[in-house]
Amino acid sequence: MSETTSTAPAHTPAGVLPEVPRLPDRLVDQLAFPHRDTYKAMVAAFRDAGFEMCADLCAVDYLTHPGRSLPEGVTPERFEVVVNLLSLSMRQRVRVRVQVPESDPTVDSIVDVYPGTDAMEREAYDMVGIVFLGHPDMTRILMPEEWEGHPLRKDYGVGRVPVQFKEAPGPR
């Protein structure tokens, strides 16, 4: 993963996708690393180039793995938003990875580009704490509203919640 390329795939019209660092990846046809400022525009350009579906959107906390492989020119941050786009007509897949700093865990929402990402962005907010700017309903989706913190952050305290089973026998 040391070679960096910056060309768009052959099926993409020239000039449609912004120039960003890219790496080859054996599981996807293209792996792109846009800056937070160009993230939404890049996702929209992929949609316009024929990527009909956003298959997945999630957030990753790299607190304990700061030395991951990134192309030259991409500054590693604690958080990363990962978007997997799929073109059924072209039989191709693209992965977009956006670095999100701990000091400002925000990135633009892509709900207006791919409406199906609504719940995915809410889950990333709820579990990791990434705020998606422009999202129509940035509220918790999995945890209760009064819950404090974000359970999938690597520095989130591990607690014990006692579980009581109905009609379970007492201590043996």
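Structure first, text after, so check above.
These numbers come from a predicted model, not from an experiment.

Remarks on the overall build of the protein
Consideration 1: Broken down by element type, the protein carries 2 helices and 7 strands.
Consideration 2: Tracing the protein from N to C terminus, the helices and strands come up as β-β-α-β-β-β-β-α-β.
Consideration 3: Evaluated residue by residue, the protein yields a buried proportion of 42% over its 172 residues.
Consideration 4: Taken as a whole, the protein presents about 10,200 Å² of accessible surface, with 52% of it coming from carbon and sulfur.

A look at helix 2 (residues 118-128)
Consideration 1: Among the residues of helix 2, those classed as buried are Met-120, Glu-121, Arg-122, Ala-124, Asp-126, Met-127 and Val-128.
Consideration 2: Buried residues along helix 2 sit in contact with strand 3 (53-61), strand 4 (79-87) and strand 7 (131-133).
Consideration 3: Just past helix 2, the residue Gly-129 takes up positive phi, approximately 95°.

Notes on the nonpolar core
Consideration 1: Counting 29 residues, the largest nonpolar core has Tyr-39, Leu-57, Val-81, Val-83, Leu-85 and Ile-130 as its most contacted members.
Consideration 2: In terms of nonpolar packing, the next biggest core, distinct from the first, is built from 5 residues, Leu-31, Phe-33, Leu-70 and Val-74 among them.

Some words on helix 1 (residues 39-48)
Consideration 1: Turning to helix 1, its buried residues number three or more, namely Tyr-39, Met-42, Val-43, Ala-44, Ala-45 and Phe-46.
Consideration 2: Positive phi shows up at Gly-50, right after helix 1, with a value of about 115°.

Let's talk about the state of the cysteines
Consideration 1: Under the defined criterion, the tally for this structure stands at 0 disulfides.
Consideration 2: In this structure Cys-54 is a free cysteine whose sulfur lies 9.8 Å from that of Cys-58, the closest cysteine sulfur available.
Consideration 3: The exposure class of Cys-58 is partly exposed, given its relative accessible area of 29%.

Focus on the environment of Pro-151
Consideration 1: In this structure, Pro-151 sits in the segment after strand 7.
Consideration 2: In this structure the C-alpha to C-alpha distance between Pro-151 and Gly-129, which are 22 residues apart in sequence, comes to 9.0 Å.
Consideration 3: Pro-151 has contacts with Asp-126, Met-127, Met-143 and Tyr-156, leaving out every residue within four places of it along the chain.

Thoughts on the environment of Glu-121
Consideration 1: Relative to the helices and strands, Glu-121 resides in helix 2.
Consideration 2: What makes Glu-121 buried here is its relative accessible area of 0%.
Consideration 3: As a C-alpha pair, Glu-121 and Ile-110 span 11 residues in sequence and 8.6 Å in three-dimensional space.
Consideration 4: Beyond its immediate stretch of four places on either side in the chain, Glu-121 contacts Leu-57, Ser-109, Ile-110, Val-111, Phe-132, His-135 and Met-138.

Side note on the side chain of Arg-140
Consideration 1: Note on placement: Arg-140 falls in the segment after strand 7.
Consideration 2: At 2.3 Å, the side chain of Arg-140 and the side chain of Asp-126 are in polar contact.
Consideration 3: Beyond its immediate sequence surroundings of up to four residues, Arg-140 is in contact with Arg-122, Tyr-125, Asp-126, Glu-145, Trp-147, Glu-148, Gly-149 and His-150.

Considerations on the pattern of salt bridges
Consideration 1: Inspection of every chain in the model, using the stated rule, returns 10 salt bridges.
Consideration 2: Residue Arg-78 is joined to Glu-102 by a salt bridge in which the shortest nitrogen-to-oxygen separation is 2.8 Å. One end of the pair, Arg-78, is in the loop between strand 3 and strand 4; the other, Glu-102, is in the loop between strand 5 (92-100) and strand 6 (106-108), and 24 residues separate them in sequence.
Consideration 3: Classification of Arg-78 as buried rests on a relative accessible area of 8%.
Consideration 4: The partly exposed category is assigned to Glu-102, whose relative accessible area is 47%.
Consideration 5: Of the charged contacts in the structure, one is a salt bridge between Asp-137 and Arg-122, with a shortest N-O distance of 3.6 Å. Taken together, the residues Asp-137 in the segment after strand 7 and Arg-122 in helix 2 connect sequence positions 15 residues apart.

What counts and how
- Residues numbered from 1 in each chain as written.
- Predicted model: local features only at pLDDT ≥ 70, side-chain atom pairs only at ≥ 80, totals over all residues.
- Heavy atoms only, no water.
- Helix = DSSP H or I, 4+ residues; strand = E, 2+ residues; numbered from the N terminus.
- Buried < 20%, exposed > 50% of the residue type's maximum accessible area, 1.4 Å probe, protein only.
- Areas by Shrake-Rupley, 256 points an atom, 1.4 Å probe, with all protein chains shown as cover.
- Contact = heavy atoms within 4.5 Å.
- Core = buried A, V, L, I, M, F, W, Y, C linked by side-chain atoms within 4.5 Å.
- Disulfide = S-S within 2.5 Å.
- Polar contact = N/O pair within 3.5 Å; in protein donor to acceptor, adjacent residues only side chain to side chain.
- Salt bridge = Lys/Arg side-chain N within 4 Å of Asp/Glu carboxyl O.

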